[in-house]
Amino acid sequence: MTFEQQILKVLTEVGEHGISVQSIARHVYNMNNTLFHTPDYEEIHTFVQQYLLRNSKSPQSLIEATGRRGYYRLNTSGSADARQLMFDFREEQQSIDEEEASSCESERRDLSLNLFDFSS
């Protein structure tokens, strides 16, 4: 997964309130930090900052500034691609929630044997 995809994933999870450049950079850094490879945080922060500035210039851009300095979100009103990303994320989140609910249900069922049941 590239940095661009990771930035968009973070922005889809945040929603309409937006998130700061520093927080996005921290999330991307954590996504790429492994036991054997530690990326340079300053390099990631610079890339995130430039990517957001580059992709938030026009009203039809995928990303927009929120009004607070340094905060960005997906442009769901002006970009069809951003609306599609939000839709895809919601579908993915719903399927994950359904899977978790079904696994919790199966764990909750009492499958223990009744020691006082003489019917068998």
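Keep in mind the model is a prediction, meaning the values are calculated, not measured.

### A short note on the sheet that holds strand β1 (residues 19-20)
Phase 1: On the basis of which strands lie adjacent, the open sheet formed by three strands has the order β1-β3-β2 and antiparallel pairing. Both edges of this open sheet fall to β1 and β2 (63-65), since each of them pairs with a single strand only.
Phase 2: Relative to strand β3 (residues 71-74), β1 runs antiparallel, the two being bridged by two bridges. Each bridged residue has a counterpart across the sheet, and for Ser20 the counterpart in β3 is Tyr71.

### Let's talk about the pattern of salt bridges
Phase 1: Summed over all chains, the structure comprises two salt bridges.
Phase 2: The salt bridge involving Glu13 is made with Lys9; its shortest N-O contact spans 2.5 Å. Of the two residues, Glu13 and Lys9 are both situated in helix α1 (residues 3-14); the distance of four residues between them amounts to about one turn of the helix.
Phase 3: Arg73 is the salt-bridge partner of Glu64, the closest N and O atoms lying 2.8 Å from each other.

Conventions used here
Residues numbered from 1 in each chain as written. Predicted model: local features only at pLDDT ≥ 70, side-chain atom pairs only at ≥ 80, totals over all residues. Heavy atoms only, no water. Pairing = 2+ DSSP bridges. Helix = DSSP H or I, 4+ residues; strand = E, 2+ residues; numbered from the N terminus. Salt bridge = Lys/Arg side-chain N within 4 Å of Asp/Glu carboxyl O.

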